[in-house]
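Chain residues, written in single-letter form:
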Amino acid sequence: MRYFKAGIFLSPDELDDLSRELTERSGEKTAVLPAFIDQIEEKVFYLCDGYACEGPCPDFCKHTSDVRHARNFFQKHDGTWWELTEEHRDVAKN
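In this text the structure is predicted, and so the values were computed from the model without any measurement.

Participant: How do you make sense of the pattern of salt bridges when you look at a structure like this?
Facilitator: If charged atoms from side chains of opposite charge come close, those side chains can pair. Considering all chains together, one arrives at three salt bridges under this definition. In this structure, arginine 20 and aspartate 17 form a salt bridge, with 2.7 Å as the shortest nitrogen-oxygen distance. Placement of both arginine 20 and aspartate 17 in helix H1 (residues 12–26) is noted, with a separation of three residues, approximately one turn of the helix. When the shortest N-O distance is used, the salt bridge between arginine 68 and aspartate 66 registers 2.8 Å. In this structure arginine 68 comes out as exposed when scored by relative accessible area, which is 59%.

Structure representation (structure tokens):
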């Protein structure tokens, strides 16, 4: 799979058409990404542990974008964050 960033602003249909054309010409699956791809910031929200706000969070606050306060995540010794799944909880109970 090859990726290219469009040098100009194209509509979603134009991006799809160009991706198909480049795939046909090269014989290799190709995706053309929008010119503004660098400006897109995805926010991930986690269930909050209730302490992401200054002090205890108000009742209406249930989510956070700060993984340090994610209810179902833990940090390993190497600094990476891991999700605590049901399987992990079952093992911890036994």
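From this point, the discussion proceeds with the structure in view.
Participant: Even after reading the chapter, I still don't get the packing of aromatic side chains, so can you show me in this structure?
Facilitator: Here the structure, examined in full by the defined rule, presents one aromatic pair. Between the aromatic rings of tyrosine 46 and phenylalanine 73, the centroid separation amounts to 5.0 Å while the plane-to-plane angle is 70°, which identifies the pairing as edge-to-face. A residue pair is termed long-range when its members are at least 10 positions apart, and tyrosine 46 in strand S3 (residues 46–47) and phenylalanine 73 in strand S5 (residues 73–75) qualify at 27 residues. Accessibility expressed as a relative area gives 24% for phenylalanine 73, which makes it partly exposed.

Criteria and cut-off values
- Residues numbered from 1 in each chain as written.
- Predicted model: local features only at pLDDT ≥ 70, side-chain atom pairs only at ≥ 80, totals over all residues.
- Heavy atoms only, no water.
- Salt bridge = Lys/Arg side-chain N within 4 Å of Asp/Glu carboxyl O.
- Helix = DSSP H or I, 4+ residues; strand = E, 2+ residues; numbered from the N terminus.
- Buried < 20%, exposed > 50% of the residue type's maximum accessible area, 1.4 Å probe, protein only.
- Phe/Tyr/Trp six-rings, centres within 6.5 Å; stacked < 30°, edge-to-face > 60°.

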